[in-house]
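What follows is the residue order along each chain.
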Amino acid sequence: MKDFEKLIMKDVGMSYGDLHVLRDFNLTVDRNEFVTLLGPSGCGKSTALSCISGLLHINDGRIQVDDEILDDGGHRFVSPEKRGFGIIFQNYALFPHMTVFNNIAFSLSVSHKPKDEIKKRVEEAIRMVHLEGQELKYPSQLSGGQQQRVAIARSVVIEPRLLLLDEPLSNLDTKLRIEMRFELKQIHKRLERASIYVTHDQSEALALSDKIVIMKIGKIQQIGTPKAVYLYPANRFVADFMGYKNIWKAKISEITESEGQRQILLESNGFKLISRSIIAENIQVDTAVINAAKLGEEVLVAIRPDDISFGAAAVNTLEATVEVTEYLGTTNQVSAKFKNGTLMQARVTPSHSISMNDRVTFNIDSHKIFVIPDDKEEA
Amino acid sequence: MERRKGWSAETTAFLFPAVVFLLVVFIYPFIYAIQLSLTDGMGAVTLANYIKYFTNVVEMKTILITLKISLPVTILSIVLAVSIAYFMRRGIKHEKLISFFLMLPMTLGVVLIAEGMITYFGRNGWVMMLLEQLGFVADRTSLIHNYFGVVMSLFIQTFPMGLIILIGYTSGIHPSLEMAATMLGATKAQTFWKIMLPLMMPGVLIAFALNFTSAFSVFTSAIMLGQPTSLTRVMAYAAYVHAYEYYDYNFSATICIIMIIIQLIIIGFVFALRNRLYKGASAVGKG
């Protein structure tokens, strides 16, 4: 099937009765792009994938590849088998009564390809996922990782113009997950086609994607490169999801800009904080979020536990009472309380010995304090 | 405390009631029947009963009659059960109610079904009365007391069992397998023949074996709804006649043993077929 330049989802909506699982979903996927839909369970990411695959009909908006409309929420609907997309399910959905070879050959044999062509292409796919010698085994005789490879080979053997992956690594153990993650990226590169990947694991999303779509209860929260969503979360939800464990209320008291740097003075938890950021950083990010910061505005500051260190500094020095410490090997996870009762999470070098109820001074790098709008939402 | 492998005396003792029950109710009668079939009325060992059976045209014909009734009934009930179970695999509206009516015949006895069919399909039954009133038939005839009557009643008795078994199998097939087949370009028909049916096959064969044995030993229906002396002289009826009309227990036992052998042959054939097919679980989990 012909490759596409762009897959476009425009104002897509999908609901079961009154339950809106997907709202105003807008996304463009370029050819060769690796896009990840990221979010907690129930955020609609799998539903979005099913809508793209054609296993679900949409109610509003449209899905199209280039000029070809796949689903317009009405009469125009291209059935899943005619879309030329491949899918890998979370449970792999291998046919248990067929050998590895026949599983991979399935799509070719239902479209009545000649025998020698089937053999050639299946062997090629088997080589690609390193399953040589396993052709005559049944899925139940394979390990989880091998089953995963069969599932990949089975969906890429037809050379789909788009590969859809629904949490394909979640059934594997940690070590294998990281190995397969690497291989998925290799395969994506070799196929030179677009992939859409669904996961709830932010590290998978960061490692694999060209573009990350963060979702919450059916709505897109932020779209951006891994770096953009990691460094510039658009709202509290994204910040929390991206590992900003410290999200505090703050008030802007001064904004100054000079030599491409912006400096925001804030007041939070009774401390004065300085947040510095480079204005024209060359990353894909909705800078409007940051630029919109106004004097006197109530905002949130987001800080990662790893960006907080021990000791006093010239700026951003905080004092807190230690509540709990957890030894994690390379780091010490510390929970400490400010005077006003707000909790702070820090991950510091374990060389300092601290114990409960110690009054400790911490400091934060001013480039690691991110100002995000207070959307008054519960994280 | 040391724990030995294998069964302790205590756990073995739990088996005792079951073993006794099997011995008394199944094993002993079975051995007794074999013994009866291999002796004459005086107790002398002989093959005369079997020779008599296989040289008697009337008796040999009962095998054919019984197969002619039981095989079509079994096949019909399985084919219908497969299609209904396939249709119901993702659940349907009013599933409980529909299942209730499909299963209902199981709760009725054979005699009750036969009685019902007589009042419905008989010469003075509702169907004939209606057809006569509407002017479709001039002379009322009975739709039962023939081959059709027996087949119908056997179908009503055996179908629910096959359906229960097959619904169990189809609902156990993970929906993602069907979705995967669709995404790989298979049509609905290809998905059914290449994915769903092969995965249902173990259930199909088990249902076949159960329905066949139940249909093959037909007795009541053949008498109440057929013509037991001619058209529907099935093996079970022949065994009954020889035992209780001619008082020839030895020959009756011979018929029973032959019945068992024929059933075993057909079921053995079905299970040999099953072993040639895939017989694993219908879904693959993580490794």
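None of the values given here were measured: they were computed from a predicted structure. (Residues numbered from 1 in each chain as written. Chains lettered and ligands numbered in written order. Predicted model: local features only at pLDDT ≥ 70, side-chain atom pairs only at ≥ 80, totals over all residues. Heavy atoms only, no water.)

Just checking my understanding: could you explain the overall build of chain A for this structure?
Looking only at helices and strands, chain A has nine helices and 20 strands in total. Overall, the C-alpha framework of chain A stretches about 75 × 45 × 45 Å when taken along its three principal axes. Counting all 379 residues of chain A, 51% fall into the buried class. For chain A, the accessible surface area stands at approximately 17,300 Å², while carbon and sulfur atoms represent 49% of it. Averaging the coordinates of the 46 positive side-chain charges in chain A and doing the same for the 50 negative ones gives two points 2 Å apart. (Helix = DSSP H or I, 4+ residues; strand = E, 2+ residues; numbered from the N terminus. Buried < 20%, exposed > 50% of the residue type's maximum accessible area, 1.4 Å probe, protein only. Areas by Shrake-Rupley, 256 points an atom, 1.4 Å probe, with all protein chains shown as cover. Lys, Arg positive; Asp, Glu negative; His and termini not counted. Charge placed at Lys NZ, Arg CZ, Asp CG, Glu CD.)

Honestly, the pattern of salt bridges in this entry has me stumped. Any pointers?
Two side chains with opposite charge may pair up if their charged atoms get near one another. Residue and element names in this part refer to chain A. On inspection of all chains with the given rule, the structure shows 20 salt bridges over all chains. Note that Glu-68 is salt-bridged to Arg-161, the shortest N-O span being 3.5 Å. Remark: Arg-161 occurs in the loop between helix H4 (144-156) and strand S7 (162-166) and Glu-68 occurs in strand S5 (residues 68-71); sequence separation between them is 93 residues. For Glu-117, the salt bridge is made with Arg-121, and the minimal N-O distance between the two is 2.8 Å. (Salt bridge = Lys/Arg side-chain N within 4 Å of Asp/Glu carboxyl O.)

Honestly, the sheet that holds strand S18 (residues 343-348) of chain A in this entry has me stumped. Any pointers?
The pairing of strands in a sheet happens through backbone hydrogen bonds and is either parallel or antiparallel. All names here are of chain A. Spatially, S15-S19-S16-S17-S18 is the arrangement adopted by the five strands of the open sheet, whose pairing is antiparallel. Either end of the sheet is taken by a strand with one partner, and the two such strands are strand S15 (308-310) and S18. With strand direction ignored, the average angle separating the axes of adjacent strands in the sheet is 50°. When strand S16 (residues 317-327) meets strand S17 (residues 332-337), the two strands line up antiparallel, connected through six bridges. From the neighbouring strand, Tyr-327 faces S17, where its bridge partner is Asn-332. (Pairing = 2+ DSSP bridges. Axes fitted to C-alpha atoms, helices over the stretch in contact; angles between N-to-C directions.)

Help me understand the sheet that holds S5(A) in this model?
All names here are of chain A. On the basis of which strands lie adjacent, the open sheet formed by four strands has the order S2-S1-S4-S5 and antiparallel pairing. Looking along the sheet, the strands with just one partner apiece sit at the ends: strand S2 (19-30) and S5. On average, each strand axis in the sheet is inclined to that of its neighbour by 30°, with strand direction left out of account. As paired strands, strand S1 (residues 6-16) and S2 are joined by eight bridges and run antiparallel to one another.

What am I meant to see in unusual backbone geometry here?
With glycine set apart, most residues show a phi of negative sign, and most peptide bonds adopt trans. All names here are of chain A. With a phi angle near 50°, Asp-66 is a residue other than glycine that sits in the positive phi range. Along the polypeptide, Asp-66 turns up in the loop between strand S4 (60-65) and S5. The class of Asp-66 is partly exposed, set by a relative accessible area of 24%. Positive phi, close to 50°, is recorded for Asn-269, a residue that is not glycine. Mapped onto the secondary structure, Asn-269 falls in the loop between strand S12 (261-268) and strand S13 (271-278).

Please clarify how the packing of aromatic side chains should be interpreted in this entry.
The description of an aromatic ring pair uses the distance of the two centres, along with the angle that the planes make with each other. Residues and elements named next belong to chain B. Inspection of every chain in the model, using the stated rule, returns 24 aromatic pairs over all chains. Ring centres of Phe-208 and Phe-212 lie 6.2 Å apart, and the angle between their planes is 5°; on these two criteria the pair is classed as stacked. Here Phe-208 and its partner Phe-212 are both found in helix H9 (residues 188-216), four residues apart, which amounts to about one turn of the helix. Phe-212 matches Phe-208 in its accessibility class, with the two residues each being buried. Aromatic rings pair up to connect Phe-219, Tyr-237, Tyr-240, Tyr-244 and Tyr-249 into one cluster. Taking NZ or CZ as reference, Lys-68 lies 5.9 Å from the ring centre of Tyr-147, over its face. (Phe/Tyr/Trp six-rings, centres within 6.5 Å; stacked < 30°, edge-to-face > 60°. Lys NZ or Arg CZ within 6 Å of the ring centre and 35° of its normal.)

What is the right way to read the domain arrangement of chain A from this model?
One frequent convention defines the size of an interface as the accessible area lost when the parts assemble. All names here are of chain A. Looking at chain A, the domain boundaries give domain 1 (6-234) and domain 2 (237-373). Just the C-alpha atoms count here: the centres of domain 1 and domain 2 sit 37 Å apart. Contact residues are listed per partner, giving 21 residues for domain 1 and 18 residues for domain 2. For the domain 1 and domain 2 pair, buried surface summed over both sides reaches about 1,800 Å², with 72% attributable to carbon and sulfur atoms. When the buried surface of domain 1 facing domain 2 is broken down by residue, Tyr-230, Tyr-232 and Pro-233 rank first, second and third, together holding 35% of it. Inspection of the domain 1/domain 2 interface yields zero salt bridges. Run the count over domain 1 and domain 2 and you get two residue pairs in polar contact (both at pLDDT 80 or more). Elements supplying a minimum of two residues to the side of domain 1 that touches domain 2: helix H6 (202-208), strand S9 (211-216), strand S10 (219-224) and helix H7 (226-231). Sort the elements by how many residues they give to the side of domain 1 that touches domain 2 and H7 lands first, with five residues. Looking at the side of domain 1 that touches domain 2 residue by residue, the classes come out as 12 nonpolar, seven polar and two charged. (Domains from an automatic or database assignment. Contact = heavy atoms within 4.5 Å. Buried area = accessible area lost by both parts, 1.4 Å probe. Polar contact = N/O pair within 3.5 Å; in protein donor to acceptor, adjacent residues only side chain to side chain. Nonpolar A, V, L, I, M, F, W, Y, C, P; charged D, E, K, R; others polar.)

Explain the packing of helix H4 (residues 95-107) of chain B against helix H7 (residues 147-171) of chain B here, please?
The geometry of a pair of packed helices is captured by two quantities: the angle between their axes and the separation between those axes. Residue and element names in this part refer to chain B. One way to put it is that H4 packs onto H7 with a least axis distance of 8 Å and a crossing angle of 125°. When the axes of H4 and H7 are compared, the pair comes out oblique. Between H4 and H7 lies a crossing of left-handed hand. Touching Leu-102, Met-103, Pro-105 and Met-106 of H4 are Ile-156, Phe-159, Pro-160, Met-161, Leu-163 and Ile-164, all from H7. (Parallel < 35°, antiparallel > 145°, perpendicular 65-115°, else oblique. Left-handed = near helix turned anticlockwise from the far one by under 90°.)

How should I be thinking about the interface of chain A and chain B in this particular structure?
Counting residues at the interface gives 30 residues for chain A and 24 residues for chain B. With both sides pooled, the region where chain A packs onto chain B buries about 2,200 Å², and carbon together with sulfur makes up 73% of that total. On inspection of chain A and its partner chain B, the count reaches four residue pairs in polar contact (both at pLDDT 80 or more). Those elements that place two or more of their residues in the side of chain A that touches chain B are strand S6 (85-88), helix H2 (100-110) and H4 of chain A. Each residue belonging to the side of chain A that touches chain B can be placed in one class, and the counts come to 16 nonpolar, 12 polar and two charged.

Help me understand the packing of H2(A) against H9(B), please; the structure alone is not making it clear to me.
Between H2(A) and H9(B), whose axes approach to 12 Å, the crossing angle comes to 150°. On the basis of the axis angle, H2(A) is roughly antiparallel to H9(B). Viewed along their axes, H2(A) and H9(B) form a crossing whose handedness is right-handed. Two secondary-structure elements touch here, H2(A) through A:Phe106, A:Ser109 and A:Val110 and H9(B) through B:Gln190, B:Lys194 and B:Ile195. Of the residues belonging to the contact of H2(A) with H9(B), the class tally is three nonpolar, two polar and one charged.

Would you take a moment to explain the confidence of the model for chain B for this structure?
Low pLDDT means the predicted coordinates in that region are not meant to be read closely. Residues and elements named next belong to chain B. Confidence in the prediction for chain B averages 87 pLDDT; 94% of positions are at 70 or higher. When mean pLDDT is taken per element in chain B, helix H3 (residues 57-87) scores highest with 93 and H4 scores lowest with 84. In the predicted structure, residues 279-287 sits below a pLDDT of 50 and forms 21 contacts with residues beyond four places in sequence or in another chain. For this predicted complex, the interface confidence reaches an ipTM of 0.77, while the overall pTM sits at 0.79. (pLDDT = per-residue confidence, 0-100.)

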